[in-house]
Amino acid sequence: MSRRMGAVLGVVAVLVAACQAAACPDCEEPPRPVRPAWQSVVLPDTPGVPGRPVLRDATACAGRWYVVGGVVDLAGETRPAAWSSPDAMSWVPLPTAPVTFYGRQHVLSAAACRDGRLAAVGAKSGGAHGNPRTGTWRQASDGTLHEVDAPFERYAGPRAVNVARLAAGPQGWLIAGTRIDGAAVWISPDAAGFALVEGAPELAGDERGRTAAYDAVAVPSGWLMVGALLPPGGTAQAPLAWSSADGRSWQRAALPVVDGRGQAQRVTVLGGVPVAVGPVRAGFGSWRLTPQGWRPAGGFGAAGPGVASAAGLVAVGQRLVAVTRDGDRHALWLSVDVGESWRVMTMPQPVPDSGDTAVAVTSTGDRLLLVTDDGKTSRAWWAGVSDLDR
């Protein structure tokens, strides 16, 4: 290219930029991505037949960090696995003690902890219809993670739909999920055995439509849970939330959304304020619970090529970090204003959105922990809270 031609193209570029600025003088530059200084951590091998770890969830409390999932060997057989750390950097595998045929094959998909003690939900597809054989696990004082034996229809059977997330709080433990009647919960004071609450007024479906529950969190007044409602004859769900003092009696609240479409799929508490996130028509939305009820907080992301879902939400200091899936890939988002605005966070490696992939986050103190499974390898990283200001 000649020097004269280069000069001409440069002038053209300046003129185009000037025209664009004149056409949209109030347009703002999109916010720059947050780029944490991710530090990789090594999860040691677990006892047993060598295989690939599959990481599915993480949690932290009382100065302890936990990662849960499983191991799949070269023959495709799975077994449960969990790891613990005092600092999110050095890890040890936890002994596991399954007691049932399917428990020995579980992959642990959801975790929560209280007073430094872990509990988890695991499942393995099997039986004549290939349905999930779900169960729970509870950590003993010696650190061993024990399977809790339970009747088959406690979590499965003809009334089963799904078992979703596990929450822990001062009252004990609560699992959010859905039965044939709609939203349901399983509650326990000590994770040694869960009682099923299904068909409860306001919680289950009724003449207003069918309900589903996706996530829960402990609050000072008891429990808060989020989900969705499918109206009779409708094709789109609307976001819902429930509150309960004891896990047995529930009050329902609709979350406002512009066109009535959306789901509240993850919930956490930041500075005493409950915040929920989930997919809406244009991408993802966030809501805050105020003294006047649930209010829209903000929107972020864009509708992807597939079914969008919120896969994680955690409070990190005075910030929120969300995990989303859009049918193409997983993404991380950061909010510093209680969900009103969001910025993309860079991930240490891309993770596609497919059935055998996962991303989870947890936090305590001054650190954020990220675990990923891209369908080929599973990894874990941590970043300091100050890194989220980059």
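Residues numbered from 1 in each chain as written. Predicted model: local features only at pLDDT ≥ 70, side-chain atom pairs only at ≥ 80, totals over all residues. Heavy atoms only, no water.

**Quick look at the sheet that holds strand 5 (residues 92-93)**
In sheet architecture, strand pairing relies on hydrogen bonds along the backbone and comes in two forms, parallel and antiparallel.
Consideration 1: The strand order 2-3-4-5 describes an open sheet built from four strands, whose pairing is antiparallel. Of all strands in the sheet, those bounded by a partner on one side alone are strand 2 (51-61) and strand 5.
Consideration 2: Looking at chain direction, strand 2 and strand 3 (residues 64-73) are connected through ten bridges and run antiparallel. Across the sheet, Ala 60 pairs through a bridge with Trp 65, a residue of strand 3. (Pairing = 2+ DSSP bridges. Helix = DSSP H or I, 4+ residues; strand = E, 2+ residues; numbered from the N terminus.)

**Here's the deal with the sheet that holds strand 25 (residues 330-335)**
Consideration 1: Spatial strand order, 23-24-25-26: four strands in an open sheet with antiparallel pairing. In this open sheet, the two strands that pair with only one neighbour each are strand 23 (309-316) and strand 26 (343-345). Adjacent strand axes in the sheet meet at a mean angle of 30 degrees when their direction is disregarded.
Consideration 2: Note that strand 23 and strand 24 (residues 319-325) share seven bridges and pair antiparallel. Counted as the bridge partner of Gly 312 is Val 323 from strand 24. (Axes fitted to C-alpha atoms, helices over the stretch in contact; angles between N-to-C directions.)

**Some remarks on the state of the cysteines**
Consideration 1: Here the structure, examined in full by the defined rule, presents one disulfide.
Consideration 2: The disulfide that involves Cys 61 links it to Cys 113, with 2.3 Å between the sulfurs. On the criterion of sequence distance, the pair formed by Cys 61 in strand 2 and Cys 113 in strand 7 (residues 107-114) is long-range, its members being 52 residues apart. (Disulfide = S-S within 2.5 Å.)

**Things to note about the confidence of the model for the protein chain**
Detail in the predicted coordinates should be disregarded across regions flagged by low pLDDT.
Consideration 1: Per-chain confidence: the protein chain averages 91 in pLDDT, with 91% of residues scoring 70 or above.
Consideration 2: This model gives residues 1-25 a pLDDT under 50, and the stretch forms two contacts once residues within four places in sequence are excluded. (pLDDT = per-residue confidence, 0-100. Contact = heavy atoms within 4.5 Å.)

**Digging into the nonpolar core**
Consideration 1: Counting 20 residues, the largest nonpolar core has Trp 38, Val 321, Leu 332, Met 345, Val 361 and Leu 368 as the members making the most contacts within it.
Consideration 2: Elements that contribute at least two residues to this core include exactly strand 23, strand 24, strand 25, strand 27 (358-364), strand 28 (367-373) and strand 29 (378-384).
Consideration 3: In terms of residue count, the dominant contributor to this core is strand 23 (three residues).
Consideration 4: For Leu 332, the contacting residues outside a window of four places in its chain are Trp 38, Val 321, Ala 322, Val 323, Arg 343, Val 344, Met 345, Thr 346, Met 347, Val 359, Val 361 and Leu 370. (Core = buried A, V, L, I, M, F, W, Y, C linked by side-chain atoms within 4.5 Å. Buried < 20%, exposed > 50% of the residue type's maximum accessible area, 1.4 Å probe, protein only.)

**So, the packing of aromatic side chains**
Consideration 1: Across all of its chains, the model carries five aromatic pairs by this definition.
Consideration 2: Aromatic pair Phe 101 and Tyr 102: ring centres 5.0 Å apart, planes at 80 degrees, arrangement edge-to-face.
Consideration 3: Using a relative accessible area of 53% as the deciding quantity, one classes Phe 101 as exposed.
Consideration 4: For the ring pair Phe 284 and Phe 300, a centre distance of 5.7 Å and an interplane angle of 20 degrees mean the geometry is stacked. (Phe/Tyr/Trp six-rings, centres within 6.5 Å; stacked < 30°, edge-to-face > 60°.)

**Digging into the side chain of Glu 147**
Consideration 1: Structurally, the position occupied by Glu 147 is in strand 10 (residues 145-148).
Consideration 2: Setting aside residues up to four positions removed in sequence, Glu 147 forms contacts with Ala 97, Pro 98, Val 99, Thr 100, Gly 103, His 106, Thr 136 and Trp 137.

**Points about the pattern of salt bridges**
Consideration 1: On inspection of all chains with the given rule, the structure shows 14 salt bridges.
Consideration 2: Arg 252 is the partner of Asp 206 in a salt bridge, and the nearest nitrogen-oxygen pair spans 3.5 Å. Taken together, the positions of Asp 206 in the loop between strand 14 (195-197) and strand 15 (210-219) and Arg 252 in strand 18 (residues 251-254) put the pair 46 residues apart, joining distant regions of the chain.
Consideration 3: Since its relative accessible area comes to 26%, Asp 206 is described here as partly exposed.
Consideration 4: Look at the salt bridges and you will find they share partners, linking Arg 159, Arg 179, Asp 181 and Glu 198 into a network. (Salt bridge = Lys/Arg side-chain N within 4 Å of Asp/Glu carboxyl O.)

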